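The chain contents come next:
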Amino acid sequence: MSGIICYENVDICYNGSPVIKKVSFSAEKGEILGIAGESGSGKSTLIKAAIGLLGKNGSVTGGKIWYEEKNLLDLNEKELRKICGSEIGMIFQNAGSSFCPIRTVGDQLLEEMKEHRKIKKAEFEDEAAEMLAKFGFQDPKRILKSYPFELSGGMQQRVGVAAAMLLKPKILLADEPTSALDVSIQKQVVEQMKMIREQYGTTILIVTHNIGVIRAMADSMLVLKDGKMEEYGKTQEVLSHPQSDYTKRLLAAIPVLRR
Ligand SMILES: Nc1ncnc2c1ncn2[C@@H]1O[C@H](COP(=O)(O)OP(=O)(O)OP(=O)(O)O)[C@@H](O)[C@H]1O
Ligand SMILES: [Mg+2]
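Quick notes on the rules
Residues numbered from 1 in each chain as written. Chains lettered and ligands numbered in written order. Predicted model: local features only at pLDDT ≥ 70, side-chain atom pairs only at ≥ 80, totals over all residues. Heavy atoms only, no water. Axes fitted to C-alpha atoms, helices over the stretch in contact; angles between N-to-C directions. Helix = DSSP H or I, 4+ residues; strand = E, 2+ residues; numbered from the N terminus. Parallel < 35°, antiparallel > 145°, perpendicular 65-115°, else oblique. Contact = heavy atoms within 4.5 Å. Nonpolar A, V, L, I, M, F, W, Y, C, P; charged D, E, K, R; others polar. Buried < 20%, exposed > 50% of the residue type's maximum accessible area, 1.4 Å probe, protein only. Pairing = 2+ DSSP bridges.

Observations concerning the packing of helix H3 (residues 105-114) against helix H4 (residues 121-134)
And then number 1: Packing of H3 against H4 leaves a shortest axis separation of 11 Å and a crossing angle of 105°. With respect to H4, the axis of H3 lies roughly perpendicular. Seen from H3, the contacting residues are Gly-106, Asp-107, Leu-109, Leu-110 and Met-113; seen from H4, they are Lys-121, Phe-124 and Glu-127.
And then number 2: Tallied by class, the residues present in the contact of H3 with H4 amount to four nonpolar, one polar and three charged.

Okay, here's the thing in structure tokens:
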């Protein structure tokens, strides 16, 4: 298998119990890969493993996760921290709630950026405002001066997506970036992520239980069930000819993103 990111027979356990079993897939530069599956099937676990975020209970017990020529699982904490954020960005499930409530959004983004790049506040503000404007914010400087509670949940989520893009990562890992949002904001976020791919050639792994989101943006998709790959292929093919009964049920049960 080739690609900018490539999972090869990955096994993951929490407290010794297997949660991900022999999962293999890859994504090319600029590819959007959707990861679907019911709650608890291991979607978040799968993408967190790439950047060492399984917590103290979790460990990768088999396989490799290749990023360019490196096996991410071989890197030490310092090497991984250097890649995270700058080369591999992550949008968390409920990105909004990861903001600290008592500091402005701008201060928090600046601090995060400073971990990877030497940058002056004024320079940061210009870059951040430009990125927020790309994400449809008409008054980006005000957003930077706002406290999280002054923004709606949907705005916080969109700021989270923009923030992940500030360092122009090559890969974006997005865990349910749209799920907490109402349908019109969902559509905006989907459009923004497609725009990111067009503009920067970013590879995006997006976890979602919404097949409508996958249909609208993903080139390829995989379906997880109890930590095993149930289906993997080009989105169109999987959606039009699902192989397993599980996928068929999943497709029937899931709301589509309406036009
Ligand atoms: N830190 C942890 N310690 C122990 N078990 C965990 C931990 N995190 C997740 N699990 C377990 O691993 C399995 C997969 O969880 P995961 O969060 O990856 O599922 P998911 O597919 O992302 O679900 P959802 O759609 O609800 O977000 C679940 O059985 C969960 O209980
Ligand atoms: Mg999850």
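There's plenty left to go through after this.
Overview of the pairing of strand E6 (residues 88-91)
And then number 1: Alternating positions in E6 separate into two faces, Ile-88 and Met-90 on one and Gly-89 and Ile-91 on the other, with burial throughout.
And then number 2: Note that E6 and strand E7 (residues 171-175) share four bridges and pair parallel. Residue pairing for E7: Ile-91 is matched across the bridge by Ala-174.

Some details on the pairing of strand E9 (residues 220-225)
Along any regular strand, the residues point their side chains to alternate faces of the sheet.
And then number 1: Along E9, five of the six residues are buried, which leaves the element largely enclosed by surrounding structure.
And then number 2: As paired elements, strand E3 (residues 32-36) and E9 share four bridges and run parallel to each other. When the bridges of E9 are listed, Leu-33 appears paired with Ser-220.
And then number 3: If you look at the hairpin formed by E9 and strand E10 (residues 228-234), you'll find two residues sitting between the two strands, and Asp-226 has a positive phi there, around 45°.

A look at the sheet that holds strand E8 (residues 203-207)
Sheet strands pair by backbone hydrogen bonding; their relative direction is either parallel or antiparallel.
And then number 1: Spatially, E6-E7-E8-E3-E9-E10 is the arrangement adopted by the six strands of the open sheet, whose pairing is mixed. Of all the strands in the sheet, the pair left with one neighbour each is E6 and E10. Direction aside, the axes of adjacent strands within the sheet are offset by 15° on average.
And then number 2: Of the pairings in the sheet, the one linking E9 to E10 comprises six bridges and is antiparallel in character. Across the sheet, Leu-224 pairs through a bridge with Met-229, a residue of E10.
And then number 3: Relative to E7, helix H1 (residues 43-50) is tilted by about 150°, and along the sheet it contacts E3, E6, E7, E8 and E9.
And then number 4: Strands in contact with helix H6 (residues 153-165) are E6 and E7; relative to E6, the strand with the most contacts, it is inclined by about 175°.

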